[in-house]
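A structural walkthrough
Chain by chain, the residues run as shown.
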Amino acid sequence: MSRTNSAINWQSPLKTFYESTVNPLIQPFRLSEAEAKAAIIIAALAIFTYFIFIAHHPFHNHALRLPWSPANDQIWAGRWFNLFLVPLNYGADIPVFLPVFSIALGVFASIWSMRVWGTRPNVMTLTIVGTGIMSFPATLAFFYYTYQTPLFFSGWFFACLAAVFAWQARVVPLVFATVALILCAASYQTTLSVYATVIAGAAIASISRRDGNAKFEEGIASVLKKIGLSAAVLALASAGYWASLKLFGITLPSQASVNDILDLPSRLIDAAGFAFQHLIITQPDLMQTQKRLLLIVLSIAVILSAAGIIKNPVRLGLIILFWLSAVVATKFVYIIVTLNGPPFQYRYNTSLGFLHAFSFSVILSSMLLYDGVKRKWLYMIAAISISLIITRHIQADLVRQNVLLRGVQHDLALSNRILSRMESLPELDVSQTYDLVRIGIYPPYRRTLLNSGGRQYEIFGDGHMDHGELSAMWADEVVFELLGSSINFRGRHDGQFMEKQQYARDNLLDERQPWPHESSVFIHEDTIYIYMR
């Protein structure tokens, strides 16, 4: 009897510890049969969607990089989680392994977001919604900047993991949520918008969801409590992240400074304006037809989520408020910090993909509330329609990857011609070291391809991807060295480059014409100049 009592005494604390601490930590990684099947299909479709980036090496960021990643890369930007990611790939910046690993992170993020939203757990619904997230064209930027690909997706991973924990509204999961959100910020700060968007979707789904008896699943107080706890997690994680920066001795660039709390109302208005504008404006990743289709689907989702609570003014008011908040949440990071660059850059805005995927979830899950043949036909019509929209996502991704590949080929060929011109200059001395200054940009070949067929876009999403060139003009030495230049160049990433370029425009170009004129490449003192335009 005493042995039995002793066993009970030992097992009870262990069981309590397991249920309160261990189980919440591992529960998100336990996939149901439907989730596991959907995850495999989503991953396969994602690999197909981005197969050019996975299979071809020429794609890199805007400046060609060495095979090895720099020591402590991205630490200067506060992304210290990269210290743990770089060793996973031998410290190298190469495709194939990093994109596939990153896709796995993205698939988990997709599954977790759908859990928080209460997406109906059948394989087809999970696959369609998850693929909507993974194929969203803005995500292409994650693969374009190859050296940051796993950082981008780890941001997704931790943002959605934090949402899963936070929405449980229990003490231990809330602690895990805070840690996950700190790691989210330490991966890529703008993915905090993904966390905000997923939580906003969870609030909408919880307040509007019905079972077969048309009873609401959660009370208003419960939903508001979860929202408050999720906000508290965000606040604590922000404090923890800033403490981690102090620990690492990192001072973020000025453009990433935290906004003054007194500016919050104006920043909120600005972010809301950007968010709603982004639902309409066209970019090379989403043309006008696709934008309109997504907006129609989003509108249908709003109507369906409100349809069952039309007679309850309190819930109806909350649904409207939560939908407005969900749209603004896609630009959440602009409320708390000032970012470098316009608010429509692709890599800042994959949270918009989560918003549209949530609208897919609302529609498909709503169709499954009906009974019998009616449900079957409504669901299949919705599933096919949304799948066609996702097919257009994939087509846009593949077309733009082809444009980028041709842009790389064009710029390398042009650089080779310029190098030949430089090496044929009679006054060139290969034993001497030269500075290099390019004046003007290469022909905007990518933009020309993107605009072919009379296509026009309101706003380009990324200077490097949409109308950029193989290298930034202050780092051309990298390209010429790659092409086998016999010239000794002084250096790269010159902090005085713009001043040198302006000096040349003011003093050296009066008698010269831009490329391809023979006078466009010349030597003055110890500097080689390339006059493009």
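Residues numbered from 1 in each chain as written. Predicted model: local features only at pLDDT ≥ 70, side-chain atom pairs only at ≥ 80, totals over all residues. Heavy atoms only, no water.

Bringing the overall build of the protein into the picture now. Regarding its fold elements, the protein presents 21 helices and four strands. In terms of overall dimensions, the protein is globule-like: its C-alpha atoms have a radius of gyration of 26 Å, near the 24 Å expected for 533 residues. Along the longest, intermediate and shortest principal axes, the C-alpha atoms of the protein span 95 × 60 × 45 Å. Put simply, the protein has 533 residues, and 52% of those count as buried. Restricting the contact set of the protein to residue pairs at least 6 apart, pairs at least 24 apart contribute 78%. Taking the average place of the 40 positive charges on the side chains of the protein and the average place of its 34 negative ones, the gap between the two points comes to 17 Å. (Helix = DSSP H or I, 4+ residues; strand = E, 2+ residues; numbered from the N terminus. Rg over C-alpha atoms; globule rule 2.2 N^0.38 Å. Buried < 20%, exposed > 50% of the residue type's maximum accessible area, 1.4 Å probe, protein only. Contact = heavy atoms within 4.5 Å. Lys, Arg positive; Asp, Glu negative; His and termini not counted. Charge placed at Lys NZ, Arg CZ, Asp CG, Glu CD.)

So, about empty space enclosed by the protein. Summed over all chains, the structure comprises three cavities of 30 Å³ or more. Lining the largest cavity we find Ser69, Asp73, Asn82, Leu85, Val86, Asn89, Gly91, Ala92, Leu98, Tyr147 and Pro150. Estimates place the volume of the second largest cavity at around 50 Å³. Lining the second largest cavity, in full, are Phe136, Ala138, His278, Gln283, Asp285, Leu286, Lys291, Phe344, Gln345, Tyr346, Asn349 and Leu352. Looking at the lining of the second largest cavity residue by residue, the class counts come to six nonpolar, four polar and two charged. (1 Å grid on protein atoms, 1.4 Å probe; cavity = no way out; pocket = protein on both sides within 12 Å on 5 of 7 lines; lining within 4 Å. Points joined across faces, edges and corners; volume = space filled by probe spheres on them. Nonpolar A, V, L, I, M, F, W, Y, C, P; charged D, E, K, R; others polar.)

Within the structure shown, the criterion is met by 31 aromatic pairs. Put simply, the rings of Tyr50, Phe142, Phe143, Phe152, Phe153, Trp156, Tyr188 and Phe354 touch in pairs and so form one group of aromatic residues. Its end group placed over the ring of phenylalanine 522, arginine 512 keeps NZ or CZ at 3.7 Å from the ring centre. (Phe/Tyr/Trp six-rings, centres within 6.5 Å; stacked < 30°, edge-to-face > 60°. Lys NZ or Arg CZ within 6 Å of the ring centre and 35° of its normal.)

Another aspect to go through is the confidence of the model for the protein. Of the residues in the protein, 90% have a pLDDT of 70 or more, and the chain-wide mean is 88. Per-element confidence in the protein ranges from a low mean pLDDT of 65 for helix H1 (residues 2-26) to a high of 97 for helix H6 (residues 123-134). Residue range residues 211-216 is modelled with pLDDT below 50. Its contacts to residues more than four positions away, or to other chains, number nine contacts. (pLDDT = per-residue confidence, 0-100.)

Our next topic: helix H12 (residues 264-278). Between its terminal C-alpha atoms H12 stretches 21 Å, which fits the 21 Å expected from 15 residues at 1.5 Å a residue. Residues of H12 that are buried include every one of Arg267, Ala271, Ala275 and His278, and no others. All buried residues of H12 project into a common sector of 70° when viewed along the axis, lining one side. With respect to the buried face of H12, the exposed residues turned more than 90 degrees away are Pro265 and Ile269. Looking at the packing, one finds that the buried side of H12 touches helix H13 (288-307), helix H14 (313-329), helix H15 (333-336) and helix H16 (351-367). (Expected span 1.5 Å × (residues − 1). Arc of directions from axis to C-beta.)

Attention now moves to the nonpolar core. If you look at the biggest cluster of nonpolar residues, it comprises 126 residues, and the most contacted ones within it are Trp80, Trp117, Trp156, Leu181, Tyr195 and Trp323. No other element matches helix H8 (residues 149-166), which puts 14 residues into this core. Those residues in contact with tryptophan 156 that sit more than four places away from it in its chain are Gly106, Ala109, Ile133, Met134, Thr139, Phe142, Thr191, Val194, Thr350 and Phe354. Counting residues in hydrophobic clusters, the runner-up holds 18 residues, among them Leu419, Ile487, Ile528 and Met532. (Core = buried A, V, L, I, M, F, W, Y, C linked by side-chain atoms within 4.5 Å.)

Moving on, we get to the side chain of threonine 127. On the secondary structure map, threonine 127 appears in helix H6. Its relative accessible area of 11% is what places threonine 127 among the buried residues.

The subject of this paragraph is the pairing of strand E3 (residues 521-524). Inspection of the sheet shows E3 paired to strand E4 (residues 527-531) by four bridges, in the antiparallel sense. Its bridge partner lying in E4, phenylalanine 522 is registered against tyrosine 529. Linking E3 back to E4 in an antiparallel pair, the connection comprises two residues, with glutamate 525 at a positive phi of about 55°. (Pairing = 2+ DSSP bridges.)

Attention now goes to the pairing of E4. With five of five residues buried, E4 is to be regarded as a mostly interior element. Judged by which residues are buried, E4 turns out to be covered on both faces: Thr527, Tyr529 and Tyr531 on one side and Ile528 and Ile530 on the other are all buried. Here five bridges tie strand E1 (residues 433-439) to E4, and the two strands are oriented parallel to one another. By the bridge assignment, aspartate 435 is partnered in E4 with threonine 527.

Together, Leu83, Phe84, Leu247 and Phe248 make up a nonpolar patch on the protein surface, roughly 430 Å² of accessible area in all. Every element with two or more residues in the nonpolar patch is listed here: helix H4 (82-85) and helix H11 (220-248). Judged by its relative accessible area of 52%, phenylalanine 84 falls in the exposed class. (Patch = residues over 30% accessible without salt bridge, like charges linked within 9 Å, V, L, I, M, F, W, Y side chains within 5 Å. Areas by Shrake-Rupley, 256 points an atom, 1.4 Å probe, with all protein chains shown as cover. Salt bridge = Lys/Arg side-chain N within 4 Å of Asp/Glu carboxyl O.)

Looking now at the side chain of glutamine 189. Tracing the sequence through the fold places glutamine 189 in the loop between helix H9 (171-187) and helix H10 (192-208). When residues no more than four places from it in sequence are discounted, the contact partners of glutamine 189 are Ala77, Gly78, Arg79, Cys184, Tyr241, Leu252 and Val333.

Turning next to the packing of H8 against H9. Contact geometry for H8 and H9: axes closest at 8 Å, N-to-C directions at 160°. Considering the angle they form, H8 stands roughly antiparallel to H9. Handedness of the H8/H9 crossing: left-handed. Residue-level inspection shows Leu151, Ser154, Gly155, Phe158, Ala159, Leu161, Ala162, Phe165 and Ala166 of H8 in contact with H9, the latter providing Pro173, Leu174, Phe176, Ala177, Ala180, Leu181, Leu183, Cys184, Ala186 and Ser187. When the residues that make up the contact of H8 with H9 are grouped by side-chain class, the tally is 16 nonpolar, three polar and no charged. (Axes fitted to C-alpha atoms, helices over the stretch in contact; angles between N-to-C directions. Parallel < 35°, antiparallel > 145°, perpendicular 65-115°, else oblique. Left-handed = near helix turned anticlockwise from the far one by under 90°.)

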